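Take a look at the letters that make up each chain.
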Amino acid sequence: MLNKTLLRPISWLAFISIAAPAGAAAACEGIDSQPDKQRVFSEAWGTRYNGQRFQSAENTSINAETAPGLTLKWAYGLSTDSPRSYPLVTSDTLFIGDGGRGLVALDRETGCVRWENNQVKDISTAIVPATIDGQPALVFSQRYSGVYAASAATGKILWHSHITRNPVPMYSGTPLVFSNKVFVPISSQEIALSFNPFYGCCTTSGAMAALDIQTGELLWYRPTIKQEPRVTGRHFLFVEKQGPSGAPVWGAPMLDTERGLLVFGTGQNYSHPATQTSDAIFAVHIETGEIAWVSQFTANDAYNMACEISPAHPNCPAGLGPDLDFGAPPIKVSLASGKDLYLAGQKSGDIYAIEPETGETVWATKIGAGGKLGGIHWGMAASESLGLLFVPISDVRSENDDPGRNPGLHALRLNDGTIKWSLQRQNQCTEPTCWTGLSSAISAGPGIVVTGGLDGVLEVVGADDGKRLWSFNTNREFTAVNNIPTKGGGIDAHGPMLADNLLIVSSGYGSFFQEGGNALLVFSIAEGVSP
């Protein structure tokens, strides 16, 4: 059993090279190329394998008392206005994907570039730690080309794996590295290929794959739809409609180390017939990928991007569904009674507590109106010591203006799902691209919750009562350490990170008509956690 030891700080031996390609901006000078043992402040997208996005006092010195003293340490200008990577932080380095520039290793104190690798651009996931051939490594995915492992010392690519079982895969969710395996969530490009009326939609399904950590070799592949697609009709006489399809895995998985289960959510079907595995939570055995159970929460949800052009588009499914994915990764918590629960948040605005052994629902709570860009998007956080689940709600105004909209942060009691407190967000701006809600994932720490709004406002609130402790409007221009024009915008996707004495966030996300920006912002308090 590894669950107890995973809560302790992780030691990671890294030999960071200061060499960078010719012409690299803000290259480091005078920095020791072989620092001492490195401490890694997260082991997965969800900070720990349980997906709680909770950073303990052992790993962060930012808490309810120190958070009001946060100040901007440095800003780095990213090469995209829709940042999609999430950093890995060690004692002296911050690793992150920098849009069209590639993978970069930044000095934690100054933001200068230790090294960069320009081979893999537009990295779409978090950077997670691994050990390959006894040496520290980094694992991440590029949105279309697949999964990569790179040396933490130099950035050199060690292996690359592309899942050919799906002809048009998309890698949106962050891989999870555990023991000798890399678990890879897979969605499908057919969600957007459906735009083309001459494309026969659709034949592929989402999946979870397991790779060998040393080589990237495929160990097992678990599609989310068991049935093979078949021709269900035609349009334009020669374009075949096919199904079932869809049930993509958009988010990172959660790992229950005690039960040996990998737990993840799926999205809607892309075409009819609908399946019982869309808009569902899966639990599979980590050694084989065999299904332990599947629990579906919204049936008959068929939707693809063709429907955004018109419900009459030939690729838009008849009986259009509401598009209510589980994009936020599930969370495992242990109650004071000793009972475990899995917690899942849906774009519908519903939160479910699930029995780990059977997949049965223990309690359910609905917050907000939900919708395609509503409800819970990227991720919740939890504090077992307080017995609370923290739920960010998007509920953007452009999609649903009914009284049920509830953008903001909400704290639910773990044992029964009742609401302890709610923090409504006020409009900070009036531009059509500036929204009030919380779409990005959030993070929690000792007595605090950290949120990033679609309006660009970064906030720290008290975990016990929701009282605002500190805020910073990132939707503005910054002077960047790499001397390129840098501006923040809406905060979305992976959201804020707590690590040691740092609070880190990428500001700007123009992918869905939000306020774009390219600012990687690093805030700090005076002192960090002792290594």
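You'll find the structure just up there.
Anyway, here's the lowdown on the structure attached to this text. Computed from a prediction, not measured in an experiment: that's the story for all the values here. (Residues numbered from 1 in each chain as written. Predicted model: local features only at pLDDT ≥ 70, side-chain atom pairs only at ≥ 80, totals over all residues. Heavy atoms only, no water.)

Scanning the model with the defined rule gives 21 salt bridges in all. Residue Arg-259 is joined to Asp-256 by a salt bridge in which the shortest nitrogen-to-oxygen separation is 2.9 Å. Classification of Asp-256 as buried rests on a relative accessible area of 0%. Bridged by salt links that share partners, the residues Asp-256, Arg-259, Lys-332, Asp-340 and Glu-357 form one connected network. (Salt bridge = Lys/Arg side-chain N within 4 Å of Asp/Glu carboxyl O. Buried < 20%, exposed > 50% of the residue type's maximum accessible area, 1.4 Å probe, protein only.)

Residues Phe-198, Phe-236, Leu-237 and Phe-238 make up a contiguous nonpolar surface patch of about 520 Å² in total accessible area. Of note, Phe-198 is situated in the loop between helix H1 (190-193) and strand S15 (207-212). Residue class for Phe-198 comes out exposed when judged on its relative accessible area of 53%. (Patch = residues over 30% accessible without salt bridge, like charges linked within 9 Å, V, L, I, M, F, W, Y side chains within 5 Å. Areas by Shrake-Rupley, 256 points an atom, 1.4 Å probe, with all protein chains shown as cover. Helix = DSSP H or I, 4+ residues; strand = E, 2+ residues; numbered from the N terminus.)

Bringing the sheet that holds strand S24 (residues 291-296) into the picture now. Spatially, four strands are ordered S20-S21-S23-S24 in an open sheet, and the strand pairing comes out antiparallel. Every other strand in the sheet has two partners, leaving strand S20 (254-256) and S24 as the edge strands with one partner each. Adjacent strand axes in the sheet meet at a mean angle of 20 degrees, parallel and antiparallel pairs treated alike. Pairing analysis gives five bridges linking strand S23 (residues 280-285) to S24, with the strands arranged antiparallel. The partner of Ala-283 across the bridge, within S24, is Trp-293. (Pairing = 2+ DSSP bridges. Axes fitted to C-alpha atoms, helices over the stretch in contact; angles between N-to-C directions.)

Glancing now at the state of the cysteines. Taken as a whole, this structure holds three disulfides when the rule is applied. Through a disulfide, Cys-307 is tied to Cys-316; the S-S separation comes to 2.2 Å. Since a negative S-S torsion denotes a left-handed disulfide, the Cys-307-Cys-316 link at about 105 degrees is right-handed. Cys-316 matches Cys-307 in its accessibility class, with the two residues each being buried. (Disulfide = S-S within 2.5 Å.)

With that out of the way, let us pick up empty space enclosed by the protein. In total, this model carries five cavities of 30 Å³ or more according to the counting rule given. Roughly 90 Å³ of internal volume is contained in the largest cavity. Lining the largest cavity are 16 residues, with Ser-85, Asp-492, His-494, Gly-495 and Ser-506 sitting closest to its centre. Tallying contributions element by element places strand S40 (residues 502-507) first for the lining of the largest cavity, with three residues. Here the residues of the lining of the largest cavity are counted per class, giving nine nonpolar, five polar and two charged. (1 Å grid on protein atoms, 1.4 Å probe; cavity = no way out; pocket = protein on both sides within 12 Å on 5 of 7 lines; lining within 4 Å. Points joined across faces, edges and corners; volume = space filled by probe spheres on them. Nonpolar A, V, L, I, M, F, W, Y, C, P; charged D, E, K, R; others polar.)

Among the secondary structure elements, Ile-367 is positioned in the loop between strand S28 (361-366) and strand S29 (381-383). A residue is classified by how much of its surface remains accessible, and Ile-367, at 2% relative accessible area, is buried. Remark: the alpha-carbon pair of Ile-367 and Arg-143, spanning 224 residues in sequence, is separated by 31 Å. What Ile-367 contacts, discounting residues up to four positions off in sequence, is Gly-349, Ile-351, Ile-393, Asn-406, His-410, Leu-412 and Ile-419. (Contact = heavy atoms within 4.5 Å.)

Note on aromatic pairs: each is described by the distance of the centres and the angle between the planes. Under the counting rule described, the total for this entry stands at 16 aromatic pairs. Where Phe-140 meets Tyr-148, the ring centres are 5.8 Å apart and the plane angle is 10 degrees; that geometry is what we call stacked. Just as Phe-140 is buried, Tyr-148 falls in that class too. With a centroid separation of 6.0 Å and 45 degrees between ring planes, the pair formed by Phe-183 and Trp-220 is classed as tilted. Of the two residues, Phe-183 sits in strand S14 (residues 181-188) while Trp-220 sits in strand S16 (residues 218-223), which places them 37 residues apart along the sequence. (Phe/Tyr/Trp six-rings, centres within 6.5 Å; stacked < 30°, edge-to-face > 60°.)

What follows deals with the pairing of strand S35 (residues 457-462). Sheet faces and side chains relate simply in a regular strand, where the side chains alternate between the two faces. Within S35, six of the six residues are buried, which leaves it mostly tucked inside the rest of the structure. In S35, alternate side chains face the same way, and those of Val-457, Glu-459 and Val-461 on one face and Leu-458, Val-460 and Gly-462 on the other are all buried. Two strands pair when backbone bridges link them, and strand S34 (residues 448-452) and S35 are joined in this way by five bridges, in the antiparallel orientation. Each residue of the ladder has a partner; that of Gly-452, found in S35, is Leu-458.

For the rest of this paragraph, the subject is the pairing of S28. Across five bridges, the pairing between strand S27 (residues 350-354) and S28 is antiparallel. Opposite Ile-351, over in S28, you have Thr-365 as the bridge partner. Count of turn residues in the S27/S28 antiparallel hairpin: six residues, of which Gly-359 carries a positive phi of about 80 degrees.

Let us look at the side chain of Ser-194. The residue Ser-194 is located in the loop between H1 and S15 in this model. Engagement of the side chain of Ser-194 in a polar contact is seen with the side chain of Asn-304, the distance being 3.1 Å. (Polar contact = N/O pair within 3.5 Å; in protein donor to acceptor, adjacent residues only side chain to side chain.)

Within the open sheet, the four strands sit side by side as S25-S26-S27-S28. Their pairing is antiparallel. Looking at which strands have only one partner, the edges of the open sheet turn out to be strand S25 (331-334) and S28. Each strand axis lies, on average, 25 degrees off the axis of its neighbour in the sheet, ignoring direction. Where strand S26 (residues 340-345) lies against S27, four bridges are found, and the strand directions are antiparallel. Residue pairing for S27: Leu-343 is matched across the bridge by Ala-353.

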